[in-house]
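Spelled out, the chains give:
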Amino acid sequence: MTNYRPTWAEISRGAFAANVRRAKSMTGRHVEMMAVLKADGYGHGAEALAPLAIKNGAASIGVSSIEEGVALRNAGVRAPILILGGLFPLKNFSVAQEFHLIPTVASFFAARALARAAAEAKRPFGFHLKVDTGMGRIGVSPDEANRILSWAARRPQLEVEGVYTHFATADVDGRFVRRQLKQFSRVKIHAVSLGLKGIAFHAANSAALLRYPDTYHEAIRPGLILYGLSPFGGSESGFRPVLSWHTRIVFLKTVAAGTAISYGRTFRAARRSRIATLPVGYADGLPRRASNKGAVLVGGRRCPIVGRVTMDHIMVDVTGRSAAVGDAVTIIGEQGPASLSAWDWAAWAGTSAYEICCQISKRVPRVLVA
Ligand SMILES: *Cc1c(COP(=O)(O)O)cnc(C)c1O
């Protein structure tokens, strides 16, 4: 569809490709990479990025649901795709199989359902077993994992392709990472004792990839860092942000001191001011909590949001700046020496860069750039 409103996000193919290569190069060559592209590639657009991930060294792709996996299959992606979420209802195992999506098994109940589905289909089904070592989300305990592995080893219709766990604190607490790793190792030792071969054990998200090489096992599972955002906040040297977000000034006025701006009249101009209106608001995913807090770049300088973020517009103070209707405005990205990141917006909105990116709505066209 043609875009008439000058608000768009640019997705740098070059930055994403370079980030994938860099992440891959941090591990030994024998460690595989699963590129995590859930939530439409953290809001960046998974269909465009999946082929780039594979081309630049990822062996497989992680998504959260069957829907996300099917979207990639329909876009022509042929690499292995793991569904990271638990499948429910269990009849979805057959759907996953139909689209060659690898399911996660997170309970003995699910393992049995998968075995039945495989028996019905008269062909072996592969899966990854999820172990909860401290995240408290989905997964079986290490003891239950060991029982499932023993049970699955006797069933030719089931192929354990992977066993994985997820860290709760890799960005903030290395001691708890160690404790989770220890639990995970118990499962690995058991799998070896059963003589199970070719199972990929994997655990490392972006934070673990960057900080804890002993978490790598057979594969890493980074998401955020592939988009050039550090899980620790801010930037990470050697990685480049993939997404930038732009708009243009569509309206400009001078207001007298004392003039109030936007809903609730929460802002009043302290002096005669130049106020620019931008065609972007919370319906585009700009957090309303950044009202009277956030800023954008105009002419290479930070200009503050004045008044409440509205559904379709924000107003910014451009007093003393060179600014004209039609001028380019950067919401996320660089303008000369100045820059704003998803983490800046996260700080203003009291959230994380993960959420800022995922929230950029469908209404904002993603434009692929070099
Ligand atoms: C989201 C997710 C990842 C990637 O996490 P990042 O912090 O973005 O690197 C890895 N594994 C699982 C199971 C996930 O849900």
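Criteria and cut-off values
Residue positions are counted from 1 within each chain, in the order its sequence is given. Totals for whole chains, interfaces and linings use all residues, but because this is a predicted model, local features are given only for residues with pLDDT of at least 70 and pairs of side-chain atoms are given and counted only at 80 or more. Heavy atoms from the whole structure form the basis of all side-chain values; hydrogens and water molecules are not counted. Note on terminology: near, applied to a residue and a molecule or strand, indicates that one of the residue's heavy atoms is within 4 Å of it. Pairs of N or O atoms are called polar contacts if they sit within 3.5 Å, as long as, within protein, a hydrogen donor faces a hydrogen acceptor (for residues adjacent in sequence, only side-chain-to-side-chain pairs). Exposure was quantified through the Shrake-Rupley algorithm and a 1.4 Å probe, taking into account, for residues, occlusion by the shown protein chains and nothing else. We call two strands paired when DSSP finds no fewer than two bridges between them. Secondary structure elements are defined from DSSP: runs of H or I of at least 4 residues count as helices, runs of E of at least 2 residues count as strands, and each element is numbered from the N terminus. Between the N-to-C directions of two axes lies an angle of 0 to 180 degrees, each axis being a line fitted to C-alpha atoms and, for a helix, fitted only over the stretch in contact. For every residue, the accessible area obtained with a 1.4 Å probe (protein chains only) is divided by the maximum for its type, and the residue is called buried under 20%, exposed over 50%, and partly exposed between those limits. Pairing of aromatic rings covers Phe, Tyr and Trp, the last through its six-membered ring, and needs centres within 6.5 Å; plane angles under 30 degrees mean stacked, over 60 mean edge-to-face, and all others mean tilted.

A. Highlighting the site of the ligand. If you check the shell around the ligand, you find Val36, Lys38, Tyr42, Arg137, His166, Asn205, Ser206, Arg221, Pro222, Gly223, Leu224 and Tyr354 and nothing else. Here an oxygen atom of the ligand and a side-chain polar atom of lysine 38 are 2.6 Å apart. With respect to the ligand, the side chain of arginine 221 contributes an N or O atom lying 2.8 Å from a nitrogen atom. For the ligand, whose free accessible area comes to 390 Å², the fraction covered by protein is 94%.

B. Fine view of the sheet that holds strand S17 (residues 314-317). With antiparallel pairing, 3 strands are arranged side by side in an open sheet as S11-S14-S17. Two strands close off the open sheet at either side, each with one partner strand: strand S11 (251-255) and S17. The sheet shows a mean angle of 30° between the axes of neighbouring strands, taken without regard to direction. By the bridge criterion, 5 bridges tie S11 to strand S14 (residues 273-278) in an arrangement that is antiparallel. Bridging across to S14, leucine 252 finds its partner in alanine 276.

C. Representation of the environment of arginine 211 in the model. The residue arginine 211 is located in helix H9 (residues 206-211) in this model. Given a relative accessible area of 45%, arginine 211 falls into the partly exposed group. Measuring from C-alpha to C-alpha, the distance between arginine 211 and arginine 178 comes to 12 Å, with 33 residues separating the pair along the chain.

D. Local environment of the sheet that holds strand S4 (residues 81-86). Spatial strand order, S2-S3-S4-S5-S6-S7-S8-S9: 8 strands in a closed barrel with parallel pairing. Inspection of the sheet shows strand S3 (residues 60-63) paired to S4 by 3 bridges, in the parallel sense. Opposite isoleucine 61, over in S4, you have isoleucine 81 as the bridge partner.

E. Spatial organisation of the packing of aromatic side chains. All told, the structure shown has 6 aromatic pairs when counted by the stated rule. Ring plane angle 35° and centroid distance 5.8 Å describe the contact between phenylalanine 16 and tyrosine 227, whose orientation is recorded as tilted. Of this pair, phenylalanine 16 sits in helix H1 (residues 13-25) while tyrosine 227 is found in the loop between strand S9 (219-220) and strand S10 (243-248), placing the two residues 211 residues apart along the sequence. Here phenylalanine 16 and tyrosine 227 have matching classes, each one buried. Their ring planes at 40° and their centres at 6.1 Å tell us that tyrosine 42 and tyrosine 354 sit as a pair that is tilted. In this pair, tyrosine 42 sits in helix H2 (residues 38-42) while tyrosine 354 sits in helix H11 (residues 353-359), placing the two residues 312 residues apart along the sequence. On the accessibility criterion, tyrosine 42 (6% relative accessible area) is buried. Tyrosine 354 gets classed as partly exposed once you look at its relative accessible area, which sits at 32%. Through a chain of ring-to-ring contacts, the aromatic side chains of Phe16, Tyr42, Tyr227 and Tyr354 assemble into a single cluster.

On their own, these measurements won't tell you what the molecule is for.
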